[in-house]
Amino acid sequence: MSIETTITRAWQRQAVWLWLLLPVSWLYGFITLLRRQAYKAGLLSSHRAPIPVMVIGNISVGGSGKTPLIIALVSYLQKKGVKVGVISRGYGGDTSQMPALVSATSLPHIVGDEPCLIAHMTGAAMAVCPNRQQAIAALLKAEPDLQLIIADDGLQHYALQRDIEWIVVDAARGFGNKQLLPTGFLREPMSRLESANVIYHEKPSTDSTQTSRGGNKIQSTDRLTMHLQAGEFQRLWNPILSAAQLNSVKPTNNSRVHAVSGIGYPQRFFDTLESIGFEVIGHPYPDHYDFSLAELLQYGDYPIIVTSKDAVKISALLADYTATQALSGEYVELVSRLWVLPVTAVLSENSYHNLDAQLKALGIRIDHDMNTSASL
């Protein structure tokens with residue numbers, strides 16, 4: 001078991017031994033505060049893009065539903081006629097080849113898995129680079145008529161000035177023990193939520209309050225919310241399958257499945273599958289994990305279901321493998337059992353109203369008569 005997995009499980013259990021790390025958390029918090037204040041005071045330089053920037057991120061480590069939210073917002077804005085582009089750090093990509101533009105044909109080992117997914121799902125102009133200023137320059141050089149840039153996971157990147165901030169909070173996870181890294185899983189203190197728009201990722205509910213697993217009350221009748229809606233299963237890979245294999249039955253309710261997930265919070269994926277009636281054998285991996293085809297062979301007998309994000313990497317593996325050789329019998333059988341469960345980010349109406357108002361204040365006008373969901 002990796003150190004990352006051990007720490008993540010300890011956060012989930014709120015293990016007592018984590019409090020031994022509290023002095024490290026105090027030091028981390030002090031350095032974080034100094035850094036942010038230095039940017040505010042102008043002691044550290046920050047970049048102002050020539051067009052408005054909307055940052056979407058979170059104050060916690062691990063998945064919060066940020067990627068499907070970005071895809072939903074980009075799709076919404078595109079349908080409204082707004083020319084929107086996306087920038088990202090490109091985590092997991094090859095930084096020696098950055099800044100780089102991202103397209104539907106880009107490879108995850110070059111630009112990162114999440115940028116590949118965003119570009120594939122939206123077709124939006126996108127660039128990646130750890131230096132966000134360079135990413136913006138590359139993006140605007142390629143698409144000079146953009147009206148808005150959405151920065152993926154740049155909340156703590158204070159070298160980039162921003163006009164709008166949205167922070168995604170997973171209401172199911174809550175804030176754990178409410179401590180900063182490494183005692184808890186917070187990147188910044190909870191007070192950071194007071195200076196940005198907060199969108200709560202939670203189950204659909206008519207209640208005016210929600211309680212997280214950690215027992216934390218999340219209250220506000222007007223809070224912005226989102227939830228993920230599971231779609232229809234899709235085959236991960238079709239090219240080498242026979243007609244019989246293509247026509248094989250999809251995973252059905254009440255059946256047993258392997259759920260393989262290398263996202264920030266795999267338990268959410270497992271919970272989603274259980275909620276739609278599957279008996280789940282969960283196989284959590286670290287976020288952005290680099291799978292191998294041989295590794296997936298160990299999960300036999302039952303269908304293997306993965307997320308759209310993991311499917312990007314596994315599909316790239318299959319494309320690379322089949323470019324030089326035919327799949328053997330055991331790999332053909334593996335591919336016939338690989339399925340993807342896409343999800344749709346569904347936002348509350350007031351989330352879109354809030355966004356419309358923020359963009360209007362920046363001089364970006366949009367229409368108001370269209371569908372407000374996007375599938376992932």
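Let me begin by describing the structure that accompanies this report. (Residues numbered from 1 in each chain as written. Predicted model: local features only at pLDDT ≥ 70, side-chain atom pairs only at ≥ 80, totals over all residues. Heavy atoms only, no water.)

## A closer look at unusual backbone geometry
Thought 1: In this structure, Pro 99 follows Met 98 across a cis peptide bond, with omega equal to 10°.
Thought 2: Note that Pro 99 resides in the loop between strand S2 (84-88) and strand S3 (100-102).
Thought 3: Following Leu 181, the chain continues into Pro 182 via a peptide bond in cis, with omega recorded as 0°.
Thought 4: As for its placement among the helices and strands, Pro 182 is situated in the loop between strand S6 (164-170) and strand S7 (197-201).
Thought 5: Not every positive phi belongs to a glycine, and His 288 is a case in point at roughly 65°.
Thought 6: With respect to the helices and strands, the residue His 288 is situated in the loop between strand S13 (279-284) and helix H9 (293-296).
Thought 7: Even without being glycine, Asp 301 reaches a positive phi, approximately 75°.
Thought 8: On the secondary structure map, Asp 301 appears in the loop between H9 and strand S14 (304-306). (Helix = DSSP H or I, 4+ residues; strand = E, 2+ residues; numbered from the N terminus.)

## Quick look at the side chain of Ser 60
Thought 1: You can see Ser 60 is positioned in the loop between strand S1 (53-57) and helix H3 (66-79).
Thought 2: With near-sequence residues (within four places) excluded, Ser 60 lies in contact with Arg 173, Phe 185, Leu 186 and Arg 187. (Contact = heavy atoms within 4.5 Å.)

## A word on the pattern of salt bridges
Thought 1: Taken as a whole and judged by the stated rule, the model has 16 salt bridges.
Thought 2: Across the pair Asp 163 and Arg 48 runs a salt bridge whose closest N-O atoms are separated by 2.9 Å. Of this pair, Asp 163 sits in the loop between strand S5 (148-152) and S6 while Arg 48 is found in the loop between helix H2 (22-40) and S1, placing the two residues 115 residues apart along the sequence.
Thought 3: Residue Asp 163 is classed as partly exposed on the basis of its relative accessible area, which comes to 33%.
Thought 4: Its relative accessible area of 42% is what places Arg 48 among the partly exposed residues.
Thought 5: A salt bridge links Arg 256 to Glu 279, with the nearest nitrogen and oxygen atoms 2.6 Å apart. (Salt bridge = Lys/Arg side-chain N within 4 Å of Asp/Glu carboxyl O. Buried < 20%, exposed > 50% of the residue type's maximum accessible area, 1.4 Å probe, protein only.)

## Here we look at a nonpolar patch on the surface
Thought 1: Together, Leu 27, Phe 30, Ile 31 and Leu 34 make up an exposed nonpolar region whose accessible area comes to about 410 Å².
Thought 2: The exposure class assigned to Phe 30 is partly exposed, which follows from its relative accessible area of 48%. (Patch = residues over 30% accessible without salt bridge, like charges linked within 9 Å, V, L, I, M, F, W, Y side chains within 5 Å. Areas by Shrake-Rupley, 256 points an atom, 1.4 Å probe, with all protein chains shown as cover.)

## Things to note about the pairing of S7
Thought 1: Burial analysis of S7 places five of its five residues in the buried class, which makes it a mostly covered element.
Thought 2: Sheet topology places S6 next to S7; five bridges connect them, and they run parallel. Note that in S7 the partner of Ile 167 across the bridge is Val 198.
Thought 3: Two elements, S7 and strand S10 (residues 224-230), share three bridges in a ladder whose sense is parallel. Within the sheet, the bridge partner assigned to Tyr 200 lies in S10 and is Thr 225. (Pairing = 2+ DSSP bridges.)

## Observations concerning the packing of aromatic side chains
Thought 1: The final tally for this structure, using the stated rule, is nine aromatic pairs.
Thought 2: Ring centres 5.0 Å apart and planes at 65° place the aromatic pair Tyr 285 and Phe 291 in the edge-to-face group.
Thought 3: Residue classification places Tyr 285 among the buried residues on the basis of a relative accessible area of 11%.
Thought 4: Classification of Phe 291 as buried rests on a relative accessible area of 5%. (Phe/Tyr/Trp six-rings, centres within 6.5 Å; stacked < 30°, edge-to-face > 60°.)

## Observations concerning the environment of Ala 311
Thought 1: Tracing the backbone through its elements, the reader meets Ala 311 in helix H10 (residues 308-322).
Thought 2: By relative accessible area, which is 8% here, Ala 311 ends up buried.
Thought 3: Sequence separation of Ala 311 and Arg 235 is 76 residues, and the distance between their C-alpha atoms is 9.8 Å.

## Overview of the packing of H3 against helix H12 (residues 349-361)
Thought 1: One can describe the packing of H3 onto H12 by two numbers: an axis separation of 12 Å at closest approach and a directional angle of 60°. Between H3 and H12, the crossing angle belongs to the class labelled oblique. With respect to the hand of their crossing, H3 and H12 are arranged in right-handed fashion. Counted together, Ala 72, Leu 73, Tyr 76 and Leu 77 of H3 and Tyr 352, Leu 355, Asp 356 and Leu 359 of H12 form the full contact between these two elements.
Thought 2: Looking at side-chain class alone, the contact of H3 with H12 contains seven nonpolar, no polar and one charged residues. (Axes fitted to C-alpha atoms, helices over the stretch in contact; angles between N-to-C directions. Parallel < 35°, antiparallel > 145°, perpendicular 65-115°, else oblique. Left-handed = near helix turned anticlockwise from the far one by under 90°. Nonpolar A, V, L, I, M, F, W, Y, C, P; charged D, E, K, R; others polar.)

## Notes on the sheet that holds strand S11 (residues 234-235)
Thought 1: Pairing in this open sheet of five strands is mixed, and the strands run S11-S15-S14-S12-S13 from one edge to the other. Every other strand in the sheet has two partners, leaving S11 and S13 as the edge strands with one partner each.
Thought 2: The sheet contact formed by strand S12 (residues 256-261) and S14 spans three bridges and is parallel. Bridging from a neighbouring strand, Val 260 pairs with Val 306 of S14.

Everything listed here is a matter of geometry and, on its own, says nothing about what the molecule does.
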